[in-house]
Amino acid sequence: KIEVLPTDQWWDLATKEDDRLSPEERDLLDRLALLTSEADHYFEDLIIAYDADERFAQIPVARPRPILAGYSRLSDALGRAIETVVMQKASPEEALLSAQQRLDLMPPVTRHQQPGG
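Please read these numbers as outputs of a predicted model, since none were measured by experiment.

Student: Sorry if this is basic, but what is going on with the environment of Gln-100 here?
Tutor: Along the chain, the position of Gln-100 falls in helix H5 (residues 92–103). Among the residues examined, Gln-100 registers a relative accessible area of 19% and is labelled buried. Once the C-alpha coordinates of Gln-100 and Leu-78 are considered, the two residues, 22 residues apart in sequence, prove to be 8.8 Å apart.

Student: Honestly, the nonpolar core in this entry has me stumped. Any pointers?
Tutor: As a rule of thumb, nonpolar side chains are buried together in soluble globular proteins. Grouped together as the largest cluster of nonpolar side chains are 8 residues: Leu-13, Leu-21, Leu-28, Leu-32, Leu-35, Leu-46, Ala-49 and Phe-56. Every element with two or more residues in this core is listed here: helix H2 (23–37) and helix H3 (43–52). Per-element tally for this core: the top contributor is H2, with 3 residues. Other than its neighbours up to four places away in sequence, Leu-28 contacts Leu-13, Asp-53, Arg-55 and Phe-56. Counting residues in each nonpolar core, the second largest holds 5 residues, with Ala-77, Ala-81, Ala-99 and Leu-103 among its members.

The rules we used
Residues numbered from 1 in each chain as written. Predicted model: local features only at pLDDT ≥ 70, side-chain atom pairs only at ≥ 80, totals over all residues. Heavy atoms only, no water. Helix = DSSP H or I, 4+ residues; strand = E, 2+ residues; numbered from the N terminus. Buried < 20%, exposed > 50% of the residue type's maximum accessible area, 1.4 Å probe, protein only. Core = buried A, V, L, I, M, F, W, Y, C linked by side-chain atoms within 4.5 Å. Contact = heavy atoms within 4.5 Å.

Here it is as structure tokens:
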């Protein structure tokens, strides 16, 4: 299983404003929306569509998710933190602090507090 990340090559296409999409790009995104909305039914078609278009290739640093206890919780918390920053709902510091608090990993460390103090 490979997680789709903002660093994947298709990200530019997926984040492009609607009025800047070419007709070909719009058709492609509409087709993928249909295929992913019923991925169990269209699984083979979805694999073919991703394999057939170089825009959906993983960049060389993409890796499968680690198989670690708690990784999904951590990944979800960090993903939500990134999303709030991208949507300009929080600063990076605020988003990470919120993720840390949600995970209850440790008491939050303020910018002025030294570790262990």
